[in-house]
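What follows is the residue order along each chain.
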Protein chains: 4
Amino acid sequence: MNPSTTRRIRQFTIDRDWDQFHTPANLAKSISIEANELLECFQWNEEQYDLEAVREELADVIVYCVDMLEKLGLDVDEIVNAKMTKNEAKYPIEKAKGNAAKYTEL
Amino acid sequence: MNPSTTRRIRQFTIDRDWDQFHTPANLAKSISIEANELLECFQWNEEQYDLEAVREELADVIVYCVDMLEKLGLDVDEIVNAKMTKNEAKYPIEKAKGNAAKYTEL
Amino acid sequence: MNPSTTRRIRQFTIDRDWDQFHTPANLAKSISIEANELLECFQWNEEQYDLEAVREELADVIVYCVDMLEKLGLDVDEIVNAKMTKNEAKYPIEKAKGNAAKYTEL
Amino acid sequence: MNPSTTRRIRQFTIDRDWDQFHTPANLAKSISIEANELLECFQWNEEQYDLEAVREELADVIVYCVDMLEKLGLDVDEIVNAKMTKNEAKYPIEKAKGNAAKYTEL
């Protein structure tokens, strides 16, 4: 994401004085709520979906993720790379290849 | 997010031959599932939470969002900026300032 | 649900002194969290699922719904029948038959 | 729940020929989606909420749970009592009393 996009998200919150509502817990709820509006695009039919709606709902999830990173002072590359290191260890290529089983079952 | 982080997420899927499982609908479910593992960090106590767990679960949500952008060939800056333009119109500063009411109630 | 089952759910909470954690908001989070553990049973494969896991996760959702009814002093038949009356009006049989479109699109 | 309420939910589906859409996976998505509309009632303010909206969204969750019990041929008392037996063992009163910690941390 371009820094200008991140700044736009941040400025949106500042301009509306919404930081007071953006507790980590409220943002976690918001991410789940928007994730389910995204899921609703696939509720009854997984093949045919409204791409415009998907774009908007996915954007909403991402915006709240950016808000949460900001609120907790987290660096997205740092937390994602730390998690990818764990994922790579949990799902070794030779065991996981072509297999969607949860790692506890591998 | 640095391009190298995005590439690492992409390579993880390729190495395990998991593209076949990454339908848009399955990724939407996965975003919701991970969002709720994040929410679980705040289930009974919103003030005291395990920051390490929050970092990991938020990273999981973001990784699946990157997978979905990739799968649908979407540009994150494009979809987020398009949505921010809508949000800015829906929540005019003068009406929304300090007010968490949903836009339909403004 | 038999009254004895409802009483067992209630007694479980009383015995552990957990009413203090069962705010309506915490119960709403809990219902979503358990709903997503249920959804996880269908994350990568919708045809083959672990029925025992489905039974347990669906039971968890229902238990928290009973907790919420109890906490808010709601009667399940009353709220469900009130909603069904609305649903029947929103989705007239002649329009909705065999059609999963959302009512706003009917 | 009175048998007449369960029958009304069932008849609603039959009349609209919606059984074809009610796969277990679609119902699991629907439970999560409705759970998050319930959660939205508490998104920014956990103390003040619209009780009428809560009643409706909780009813929606319950209706889809009834649909899923029906679809899978499950008995609600049987699955809830089986889960309560597990919960009672996982959270012994002496350890869990007044403590919302997850059982893995008890």
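Residues numbered from 1 in each chain as written. Chains lettered and ligands numbered in written order. Predicted model: local features only at pLDDT ≥ 70, side-chain atom pairs only at ≥ 80, totals over all residues. Heavy atoms only, no water.

S.K.: How would you sum up the overall build of chain A? Please name residues and give values.
M.R.: A tally of regular secondary structure across chain A gives five helices and zero strands. When the helices and strands of chain A are listed from N to C terminus, the series reads α-α-α-α-α. For chain A, the spread of C-alpha atoms along the principal axes amounts to about 50 × 35 × 25 Å. Burial status across chain A gives 51% buried among its 106 residues. Excluding contacts between residues fewer than 6 apart, the proportion of contacts in chain A whose partners are at least 24 apart in sequence is 51%. Accessible area of chain A: about 4800 Å², with a carbon and sulfur share of 46%. The averaged location of the 21 negative side-chain charges in chain A is 7 Å from the averaged location of its 13 positive side-chain charges. (Helix = DSSP H or I, 4+ residues; strand = E, 2+ residues; numbered from the N terminus. Buried < 20%, exposed > 50% of the residue type's maximum accessible area, 1.4 Å probe, protein only. Contact = heavy atoms within 4.5 Å. Areas by Shrake-Rupley, 256 points an atom, 1.4 Å probe, with all protein chains shown as cover. Lys, Arg positive; Asp, Glu negative; His and termini not counted. Charge placed at Lys NZ, Arg CZ, Asp CG, Glu CD.)

S.K.: Account for helix α4 (residues 76-90) of chain D, with residues named and values stated.
M.R.: Across its 15 residues, α4 of chain D extends 21 Å between first and last C-alpha, which sits within 8% of the 21 Å expected from 1.5 Å per residue. Turning to α4 of chain D, its buried residues are Val76, Asp77, Ile79, Val80, Lys83, Met84 and Asn87 of chain D. One face of α4 of chain D carries all of its buried residues, which in axial projection span an arc of 160 degrees. On its buried face, α4 of chain D sits against α1 (3-16) and α3 (51-72) of chain C together with α3 (51-72) of chain D. Where α4 of chain D begins, the side chain of Asp75 of chain D points an oxygen toward the backbone nitrogen of Asp77 of chain D, at a separation of 3.2 Å. (Expected span 1.5 Å × (residues − 1). Arc of directions from axis to C-beta. Polar contact = N/O pair within 3.5 Å; in protein donor to acceptor, adjacent residues only side chain to side chain.)

S.K.: With reference to specific residues and values, describe the interface of chain C and chain D.
M.R.: Where the parts come together, the accessible area they lose is often given as the size of the interface. Chain C puts 60 residues into the contact, and the matching count from chain D is 61 residues. Surface buried jointly by chain C and chain D totals about 5800 Å² across both partners, of which 67% is contributed by carbon and sulfur atoms. When the buried area of chain C at its contact with chain D is split by residue, Arg8, Arg16 and Arg55 of chain C rank highest and sum to 11% of it. Glu88 of chain D serves as the salt-bridge partner of Arg8 of chain C, at 2.9 Å between the closest nitrogen and oxygen. Applying the counting criterion to the chain C and chain D interface returns 28 residue pairs in polar contact (both at pLDDT 80 or more). Mapped onto the side of chain C that touches chain D, the elements with two or more residues apiece are α1, α2 (24-40), α3, α4 (76-90) and α5 (93-96) of chain C. (Buried area = accessible area lost by both parts, 1.4 Å probe. Salt bridge = Lys/Arg side-chain N within 4 Å of Asp/Glu carboxyl O.)

S.K.: Any details on the relation of the copies chain C and chain D? Residues and values, ideally.
M.R.: Structural alignment of chain C on chain D gives an RMSD of 0.0 Å, achieved by rotating through 180 degrees and translating 0.0 Å along the axis. The superposition of one copy onto the other is thereby described by a two-fold rotation axis. The overlap is high: 100% of the interface residues of chain C also sit at the interface in chain D, so the same surface is used on both sides. (Least-squares fit on C-alpha atoms with pLDDT ≥ 70 in both.)

S.K.: Please give an account of the state of the cysteines that cites residues and values.
M.R.: Applying the stated rule across the entire model yields zero disulfides over all chains. Not engaged in a disulfide, the cysteine Cys65 of chain A finds its nearest cysteine sulfur in Cys65 of chain B; these two sulfurs lie 5.1 Å apart. Judged by relative accessible area, which is 3%, Cys65 of chain A ranks as buried. (Disulfide = S-S within 2.5 Å.)

S.K.: Can you break down the interface of chain D and chain A residue by residue, with the values?
M.R.: Each partner contributes residues to the interface: chain D has 16 residues there, and chain A has 16 residues. In total, about 1500 Å² of surface goes out of reach between chain D and chain A, with carbon and sulfur atoms giving 56% of it. Interface area lost by chain D to chain A is led by Lys29, Ile33 and Trp44 of chain D, which between them contribute 41%. Where chain D touches chain A, the interface holds two salt bridges. Of the charged contacts in the structure, one is a salt bridge between Glu46 of chain A and Lys29 of chain D, with a shortest N-O distance of 2.5 Å. Taken together, the links from chain D to chain A amount to 12 residue pairs in polar contact (both at pLDDT 80 or more). Top contributing element to the side of chain D that touches chain A by residue count: helix α2 (residues 24-40) of chain D, with nine residues. Here the residues of the side of chain D that touches chain A sort into six nonpolar, six polar and four charged. (Nonpolar A, V, L, I, M, F, W, Y, C, P; charged D, E, K, R; others polar.)

S.K.: For unusual backbone geometry, give the residues involved together with the corresponding values.
M.R.: Positive phi is not limited to glycine here, since Asp17 of chain A has a value of about 60 degrees. By relative accessible area, Asp17 of chain A is classed as partly exposed at 39%.

S.K.: Please give an account of α1 of chain C that cites residues and values.
M.R.: All names here are of chain C. With 14 residues, α1 extends 20 Å between its outermost C-alpha atoms, agreeing within 8% with the 20 Å of an ideal straight helix rising 1.5 Å per residue. Buried residues of α1: Thr5, Ile9, Phe12, Thr13 and Arg16, and no others. One face of α1 carries all of its buried residues, which in axial projection span an arc of 90 degrees. Turned more than 90 degrees away from the buried face of α1, the exposed residues are Pro3 and Arg7.

S.K.: Summarise the side chain of Arg16 of chain A; cite the residues concerned and give the values.
M.R.: Mapped onto the elements of the fold, Arg16 of chain A is located in helix α1 (residues 3-16). The buried charged residue Arg16 of chain A lacks any salt bridge, with Asp15 of chain A as its nearest oppositely charged partner at 4.4 Å. Setting aside chain neighbours within four positions, we find Arg16 of chain A in contact with Glu88, Tyr91, Ile93, Ala96, Lys97 and Gly98 of chain B.

S.K.: Describe the packing of aromatic side chains, listing the residues and the values that go with them.
M.R.: Working definition: an aromatic ring pair is given by the centre-to-centre distance plus the angle between the planes. Overall, the coordinates contain 16 aromatic pairs over all chains when judged by the stated rule. Relative to Trp44 of chain C, the ring of Tyr64 of chain B has its centre 6.2 Å away and its plane inclined at 45 degrees; by these criteria the two rings are tilted. Of this pair, Tyr64 of chain B sits in helix α3 (residues 51-72) while Trp44 of chain C sits in the loop between α2 and α3, which puts the two residues in different chains. Judged by centre distance (5.0 Å) and plane angle (55 degrees), the rings of Phe42 of chain C and Tyr49 of chain C are tilted. Three or more aromatic residues link up through ring pairs in this structure, and these residues are Phe12 and Trp18 of chain A together with Tyr91 of chain B. (Phe/Tyr/Trp six-rings, centres within 6.5 Å; stacked < 30°, edge-to-face > 60°.)

S.K.: Give me the lowdown on the relation of the copies chain D and chain A, citing residues and values where you can.
M.R.: Superposing chain D onto chain A takes a rotation of 180 degrees plus a shift of 0.0 Å along the axis, which leaves an RMSD of 0.0 Å. Comparing interface residues between copies, 100% of those in chain D also lie at the interface in chain A; the contact surface is shared.

S.K.: With reference to specific residues and values, describe the packing of helix α2 (residues 24-40) of chain A against helix α2 (residues 24-40) of chain B.
M.R.: Following both chains from N to C, one finds α2 of chain A and α2 of chain B inclined at 165 degrees, their axes separated by 9 Å at the closest point. By the criterion of interaxial angle, the relationship of α2 of chain A to α2 of chain B is roughly antiparallel. Crossing hand, α2 of chain A versus α2 of chain B: left-handed. Contact residues: α2 of chain A offers Ala28, Lys29, Ile31, Ser32, Ala35, Asn36, Leu38 and Leu39 of chain A, while α2 of chain B offers Ala28, Lys29, Ile31, Ser32, Ala35, Asn36, Leu38 and Leu39 of chain B. When its residues are assigned to classes, the contact of α2 of chain A with α2 of chain B shows 10 nonpolar, four polar and two charged. (Axes fitted to C-alpha atoms, helices over the stretch in contact; angles between N-to-C directions. Parallel < 35°, antiparallel > 145°, perpendicular 65-115°, else oblique. Left-handed = near helix turned anticlockwise from the far one by under 90°.)

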